[in-house]
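Coordinate analysis (summary)
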Amino acid sequence: MTLKQVVNNVAEMPASKKAVVDIKKLSLTFQTADGPVYALSDVDLTIEEGDFVSFIGPSGCGKTTLLRVIADLEQATGGEISINGVTPHEAREKRAYGYVFQAPALLPWRSIERNVTLPLEIMEISKEERVKRAQEALKLVELNGFEKKFPWQLSGGMQQRASIARALSFDADLLLMDEPFGALDEIVRDHLNEQLLKLWARTNKTVAFVTHSIPEAVYLSSKIVVMSPRPGRIIDVIETDFPKDRTLDIRETPEFLEIAHRVREGLRAGHSNDE
Amino acid sequence: MTWTKLDKFCLVAAIAALLALIFPLAGVDGDTGKQVAFVGDIPGLAVAMALCVIAGSAFTWLGVGSVTAGMVILAIAVFGCWQAISVLYDYGVAGYAGPGFWLFILSLWAFVWRGIDVIANFHSLDRTKQHLANFVVPVAFGVWLLFVWEVVVSGFGVPQVLLPPPSMIGERFVNSTDILAADFHQTFVKAVLSGYVMGCGSAFIVAIAVDRVPFLKRGLLPLGNMVSALPIIGVAPIMVMWFGFDWQSKAAVIVIMTFFPMLVNTVTGLNAAGKLEKDLMATYASGYWSTLFRLRLPAAMPFVFNALKINSTLALIGAIVAEFFGTPIVGMGFRISTEVGRMNIDMVWAEIALAALAGTAFYGAVAYIERKATSWHPSFRVRRH
């Protein structure tokens, strides 16, 4: 059933938009002492401009690895991948994306403002411009007023927002997020999800978002990529058509539940393979 | 009032002072066959002992609850200490101290203990008062230790060759400031500081090179380890032959001593930055030097400062010991070795005091810079809230 759906979805795609990430037959094998580990196998995926793509799957399915390949933090061992038409390495050199990690990864010796200006400093942008952009980025994540604080003086949710502000500060069109809210509680998570959606609606950035929460994936995405482990591969791609200015209320609608159900079915199908 | 509610320290103080009035103050002079001194002849001491008895009994019942009471006790103790010193030197009790004298010292000890205890437990939201209390406690304790040293050495008549009293060391220190200043300049300013800067600085640079070039890590670290394991008394004469009698040979010994701790700590520190942070820098396409200065060196700072603190004391020890193997006729190690030979033990102790002061100040300065530079580190954070 999954193959048919993928075909259907591919057929439904509008062809007009520009592809930001284009992946063909991608595979990645880690050589370990215990023999090769097939982290990714035969992955085909296109992420278009303005998409919000969620990668969902059980741990070990390669969703983080796929994001890291896009970010050029891992190198694929087979297949093709291009970011904005160039290799991931060139894209990284051009600072084509902002990356948000699972943990905030704020540098403890820098104030929140100086953490946010860190990428701008590396890109040798002038001081006034840096401060101005940090102000804007902190405003987007509602952290204005905390510029002079140090990371340990903020709560976990605020730290993660600061790390998002840092990824936004240099205004890359592509935002890669690796389970950014995984360590946060449900309430904070809902709030940050809403903020992230608003941000996406306002800026028209392309977002690739790794999660293992089904409601989070369905609520946020315009496209859900369901993955399964051993070897990591895509088993379903689901397009949603919720409006960009959706609210948390859509989680009660039949459409939402239907998509969530389809994601769950896909995950279950992927799991049954290795039992 | 029950027994448990009595202030035991004040009780000890009162009883000891009372017994001090009864027992003989001093022993018998071997030549004259008479007791050296009586409490009745020394009004100041009699008043001090009586005060101890009265205040001791009073506070035994009242308890020493407030800081004011603690201050009163300490004030009485200070007066008592002054009288004890005066009895030793002005009335010839030094060397002949008897049970009465030692009971009086016991009484003073109980008072001082209780007084310091009360002030040490003082907590105030007023920062000036709190700072003052935090300052008084170690100072009072240190002064008391010096006092005990003084009365024990003088009271028992300990030969000066074995251990001179602190007053004698202090007198020698004050009267020889020009010699001490010259020695300090030679040993500390010339040898220690230059050796320390050269040793720590070169190890820091080598650590960065070792981190950059993998084969250096395999080749240089074992070599550095071996050099640091060399005994200083074997290395020092060789350095004197290589670099001459002056401070350069001492600086060379210090370089050898300080190089390895700094190298190992910096290499470890450069690996302290986490994988996540390194990935983060990679996503910004940050180059080697940019990542070094923005991520890895700041993350290494706690390790670097550890080495700087260890080396601050090592350097001084190294310079003083190295001076035993040949120096111009100035320097702290030179002075110690020659004055020991001339039985001028007070001068040796004056140099030891100088070394202790210089070493503590040096360590304190490095620790202060560390606190300013790595205030973000979890071990210092509490102070910033």
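Just above sits the structure.
Quick look at the structure, then. None of these values were measured; they are calculated from a predicted model.

1. Examining the environment of Asp178 of chain A
All names here are of chain A. Residue placement: Asp178 occurs in strand β6 (residues 174–178). Residue Asp178 is classed as buried on the basis of its relative accessible area, which comes to 5%. Expressed as a C-alpha distance, the spacing of Asp178 and Lys63, which sit 115 residues apart in the sequence, is 8.7 Å. Once residues within four sequence positions are removed from consideration, Asp178 is found in contact with Thr64, Leu67, Tyr99, Val100, Phe101, Gln102 and Val210. At 3.1 Å, the side chain of Asp178 forms a polar contact with the side chain of Thr64.

2. A short note on the packing of aromatic side chains
Residues and elements named next belong to chain B. Going through the model one piece at a time under the given rule, you end up with 23 aromatic pairs over all chains. Residues Phe101 and Trp102 carry aromatic rings whose centres are separated by 5.2 Å and whose planes lie at 80 degrees to one another, so their mutual orientation is edge-to-face. Phe101 sits in the buried class, given a relative accessible area of 1%. Looking at Trp102, the relative accessible area reads 22%, which means it is partly exposed. Relative to Phe156, the ring of Trp102 has its centre 4.6 Å away and its plane inclined at 20 degrees; by these criteria the two rings are stacked. Residue Trp102 is located in helix α4 (residues 99–120), and its partner Phe156 is located in the loop between α5 (127–155) and α6 (166–175); the two are separated by 54 residues in the primary sequence.

3. Considerations on the nonpolar core
All names here are of chain A. Of all hydrophobic cores here, the largest spans 53 residues; its most connected members are Ile23, Phe55 and Leu176. Dropping the residues within four chain positions of it, Ile23 is found in contact with Val43, Asp44, Leu45, Leu66, Ile70, Glu80 and Ile81. Listed in part, the 46 residues of the second largest apolar core include Leu184, Val207, Ile235 and Leu248.

4. Topic: the side chain of Asp236 of chain A
Residues and elements named next belong to chain A. Within the secondary structure, Asp236 is located in strand β9 (residues 233–239). On the basis of relative accessible area, Asp236 is assigned to the buried category, the value being 0%. At 3.4 Å, the side chain of Asp236 forms a polar contact with the side chain of Arg262.

5. Notes on the interface of chain B and chain A
The extent of an interface is frequently quoted as the accessible surface area lost upon association of the parts. Each partner contributes residues to the interface: chain B has 21 residues there, and chain A has 23 residues. Both faces combined, the contact of chain B with chain A buries some 2,100 Å², and carbon together with sulfur accounts for 69% of it. Between chain B and chain A we count 2 salt bridges in total. Between Asp279 of chain B and Arg68 of chain A there is a salt bridge, with the nearest N and O atoms lying 2.9 Å from each other. At the junction of chain B with chain A, the criterion picks out 6 residue pairs in polar contact (both at pLDDT 80 or more). For the side of chain B that touches chain A, the element with the most residues is helix α11 (residues 275–283) of chain B, which contributes 8 residues. Tallied by class, the residues present in the side of chain B that touches chain A amount to 10 nonpolar, 5 polar and 6 charged.

6. As for unusual backbone geometry
At Glu124 of chain A, a residue that is not glycine, the phi angle is positive and equals roughly 60 degrees. Among the residues examined, Glu124 of chain A registers a relative accessible area of 72% and is labelled exposed. Notably, Ala285 of chain B is not glycine yet its phi reads approximately 50 degrees, a positive angle. Its location among the elements puts Ala285 of chain B in the loop between α11 and α12 (288–322). The class of Ala285 of chain B is buried, set by a relative accessible area of 15%.

7. Details of the pattern of salt bridges
All chains considered together, the criterion is met by 25 salt bridges over all chains. A salt bridge links Arg268 of chain A to Glu265 of chain A; its shortest N-O distance comes to 3.5 Å. Note that Arg268 of chain A and Glu265 of chain A are positioned in helix α10 (residues 254–272) at a spacing of 3 residues, about one turn of the helix. Classification of Arg268 of chain A by relative accessible area gives exposed; the value is 51%. The shortest N-O distance in the salt bridge between Asp7 of chain B and Arg114 of chain B comes to 2.8 Å. One end of the pair, Asp7 of chain B, is in the segment before α1 (8–22); the other, Arg114 of chain B, is in helix α4, with 107 residues separating them in the sequence. An identical accessibility class is assigned to Asp7 of chain B and Arg114 of chain B; each is buried. Among the charged side chains, a salt-bridge network with shared partners connects Arg68 and Glu74 of chain A together with Lys275 and Asp279 of chain B.

What counts, and at which threshold
- Residues numbered from 1 in each chain as written.
- Chains lettered and ligands numbered in written order.
- Predicted model: local features only at pLDDT ≥ 70, side-chain atom pairs only at ≥ 80, totals over all residues.
- Heavy atoms only, no water.
- Helix = DSSP H or I, 4+ residues; strand = E, 2+ residues; numbered from the N terminus.
- Buried < 20%, exposed > 50% of the residue type's maximum accessible area, 1.4 Å probe, protein only.
- Contact = heavy atoms within 4.5 Å.
- Polar contact = N/O pair within 3.5 Å; in protein donor to acceptor, adjacent residues only side chain to side chain.
- Phe/Tyr/Trp six-rings, centres within 6.5 Å; stacked < 30°, edge-to-face > 60°.
- Core = buried A, V, L, I, M, F, W, Y, C linked by side-chain atoms within 4.5 Å.
- Buried area = accessible area lost by both parts, 1.4 Å probe.
- Salt bridge = Lys/Arg side-chain N within 4 Å of Asp/Glu carboxyl O.
- Nonpolar A, V, L, I, M, F, W, Y, C, P; charged D, E, K, R; others polar.

Just geometry here; none of it tells us what the structure is for.
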